[in-house]
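# Descriptive analysis of the structure
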Amino acid sequence: MLEPLEKERLKIMHDRKAFLFVASLLWFLAVLLFVSGIIGSSSKVIVFSFIMGLAGFAVLWARAWPARAFRRRLRPVLTRQWFASAYPGCYLAPAPEQ
């Protein structure tokens, strides 16, 4: 029952590592461009290095979306279906009214 969700979680973890690699590669290239822009005194290269650095942050921001969507789907499946299969005959009651 939870095996497909576990496979999806592992895929998301693998994808997050790939996103982190791309972001770190962009930052490394941005630093190299910045240094070459300083040495060669080219303002266009320096501006492009800042754009690459911002692209690295955008990749990190995009990295969080699949994990958030997975958590939103996992929570109801884990609490209802897993509880019903782990404890047959017991039911989760609705929250008490206050």
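The text that follows walks through the structure, step by step, so that each part is easy to find. (Residues numbered from 1 in each chain as written. Predicted model: local features only at pLDDT ≥ 70, side-chain atom pairs only at ≥ 80, totals over all residues. Heavy atoms only, no water.)

### Observations concerning the side chain of Arg63
- Relative to the helices and strands, Arg63 resides in helix α2 (residues 43–86).
- For the buried Arg63, no salt bridge is present, and the opposite-charge side chain at shortest range is Asp15, 10 Å distant. (Helix = DSSP H or I, 4+ residues; strand = E, 2+ residues; numbered from the N terminus. Buried < 20%, exposed > 50% of the residue type's maximum accessible area, 1.4 Å probe, protein only. Lys, Arg positive; Asp, Glu negative; His and termini not counted. Salt bridge = Lys/Arg side-chain N within 4 Å of Asp/Glu carboxyl O.)

### As for the packing of aromatic side chains
- Going through the model one piece at a time under the given rule, you end up with three aromatic pairs.
- Pairing Trp27 with Phe57 gives two aromatic rings, centres 5.2 Å apart and planes at 55 degrees, and the pair type is tilted. Here Trp27, found in helix α1 (residues 3–40), pairs with Phe57, found in helix α2; they are 30 residues apart in sequence, far enough to count as distant.
- Here Phe57 falls in the exposed class, since its relative accessible area comes to 53%. (Phe/Tyr/Trp six-rings, centres within 6.5 Å; stacked < 30°, edge-to-face > 60°.)

### Structural notes on unusual backbone geometry
- Residue Ser41 is not a glycine yet carries a positive backbone phi of 50 degrees.
- Taking relative accessible area as the criterion, Ser41 reaches 65% and is therefore assigned exposed.

### Looking at the pattern of salt bridges
- As enumerated under the stated definition, the model contains one salt bridge in all.
- A salt bridge links Lys11 to Asp15, with the nearest nitrogen and oxygen atoms 3.0 Å apart. A residue pair is termed a helical-turn pair when its members lie 3 or 4 positions apart in one helix, as Lys11 and Asp15 do in helix α1 at four residues.

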